[in-house]
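Structural features, examined
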Amino acid sequence: MAEKFLLQGNVKWSYDHELAGISQSKKILAGLVTSTPVLLRHNGYIALTTAELIIEGIEGDEDLIIPLDNIKQVYLGFDDLFPVTAEKSLGMLWQPLRIEYYFSATETQYLYLIIDYNGIYTHDKAWFNTLTEIL
């Protein structure tokens, strides 16, 4: 990783199919009981270069490299898989970052990210702004 990083930080993330497997009641309970974004199951470090988004997993978690050319959409906000009710402040303090990217020539995948979460807010908006500027 000799490239200069535009942004870097800590990340919690999940794929869309992982969030789809969590019941609606558990999602609501996550927003009521704790302020920790427990819905996202992977942990690691994230970095952005002018060419790719790099995630290095910690504690045995997987690594992921997404070329920026493969990113189809960047979205900041809640949706059916990650509802606003799953977050204690109901979206007033932060919103998750969702990236849709091509993982094959014809198939896309969604990745949900929470970057630099400190229990109150995240840096997701800064990442969203930077990604939309360079894409």
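Here the structure is shown first, and the text comes after it.
Since the structure is predicted, the reported quantities are computational estimates derived from the model, not experimental observations.

Tallied over the full model, the rule gives 5 aromatic pairs. Measuring from centroid to centroid gives 6.3 Å for Phe78 and Trp94, while their planes differ by 45 degrees, and the two rings are tilted. On the criterion of sequence distance, the pair formed by Phe78 in the loop between strand E5 (71–76) and strand E6 (97–102) and Trp94 in the loop between E5 and E6 is long-range, its members being 16 residues apart. Here Phe78 and Trp94 have matching classes, each one buried. Centre to centre, the rings of Trp94 and Tyr117 are 5.5 Å apart; their planes meet at 65 degrees, and the pair counts as edge-to-face. Of this pair, Trp94 sits in the loop between E5 and E6 while Tyr117 sits in the loop between strand E7 (108–115) and helix H3 (124–134); the two residues are 23 residues apart in sequence, bridging distant segments of the chain. Residue classification places Trp94 among the buried positions, given a relative accessible area of 4%. One aromatic cluster in this structure is built from Phe78, Phe82, Trp94, Tyr112 and Tyr117.

Our next topic: unusual backbone geometry. One non-glycine residue, Glu59, adopts positive backbone phi at about 55 degrees. Owing to a relative accessible area of 78%, Glu59 belongs among the exposed residues under this scheme.

This part covers the environment of Pro83. In this fold, Pro83 is placed in the loop between E5 and E6. Each C-alpha atom, one on Pro83 and one on Pro96, is 9.8 Å from the other, the two residues being 13 residues apart in sequence. With residues up to four places along the chain from it excluded, the contact list for Pro83 reads Gln24, Lys27 and Phe78.

A separate point is H3. Three or more residues of H3 are buried, namely Asp124, Trp127, Thr130 and Leu131. For H3, the arc enclosing every buried residue in end-on projection is 130 degrees, short of the 170-degree limit, so these residues lie on one face. Residues Lys125 and Glu133 are exposed on H3 and point more than 90 degrees away from its buried face. On its buried face, H3 sits against strand E1 (7–15), strand E2 (42–48), strand E3 (52–57), E5, E6 and E7.

Another aspect to go through is the pairing of E1. Bridging between E1 and E2 involves 7 bridges; their strand directions are antiparallel. Its bridge partner lying in E2, Lys12 is registered against Asn43.

The next thing to look at is the pattern of salt bridges. Inspection of the entire model under this criterion finds 3 salt bridges. The residue Glu100 makes a salt bridge to Lys72 at a minimum N-O spacing of 3.8 Å. Of this pair, Glu100 sits in strand E6 while Lys72 sits in strand E5; the two residues are 28 residues apart in sequence, bridging distant segments of the chain. Judged by relative accessible area, Glu100 falls into the buried class, the value being 7%. Judged by relative accessible area, which is 49%, Lys72 ranks as partly exposed. Between Asp79 and Arg98 there is a salt bridge, and its shortest N-O distance comes to 2.7 Å. Taken together, the positions of Asp79 in the loop between E5 and E6 and Arg98 in strand E6 put the pair 19 residues apart, joining distant regions of the chain. Judged by relative accessible area, which is 12%, Arg98 ranks as buried.

The rules behind each value
- Residues numbered from 1 in each chain as written.
- Predicted model: local features only at pLDDT ≥ 70, side-chain atom pairs only at ≥ 80, totals over all residues.
- Heavy atoms only, no water.
- Phe/Tyr/Trp six-rings, centres within 6.5 Å; stacked < 30°, edge-to-face > 60°.
- Helix = DSSP H or I, 4+ residues; strand = E, 2+ residues; numbered from the N terminus.
- Buried < 20%, exposed > 50% of the residue type's maximum accessible area, 1.4 Å probe, protein only.
- Contact = heavy atoms within 4.5 Å.
- Arc of directions from axis to C-beta.
- Pairing = 2+ DSSP bridges.
- Salt bridge = Lys/Arg side-chain N within 4 Å of Asp/Glu carboxyl O.

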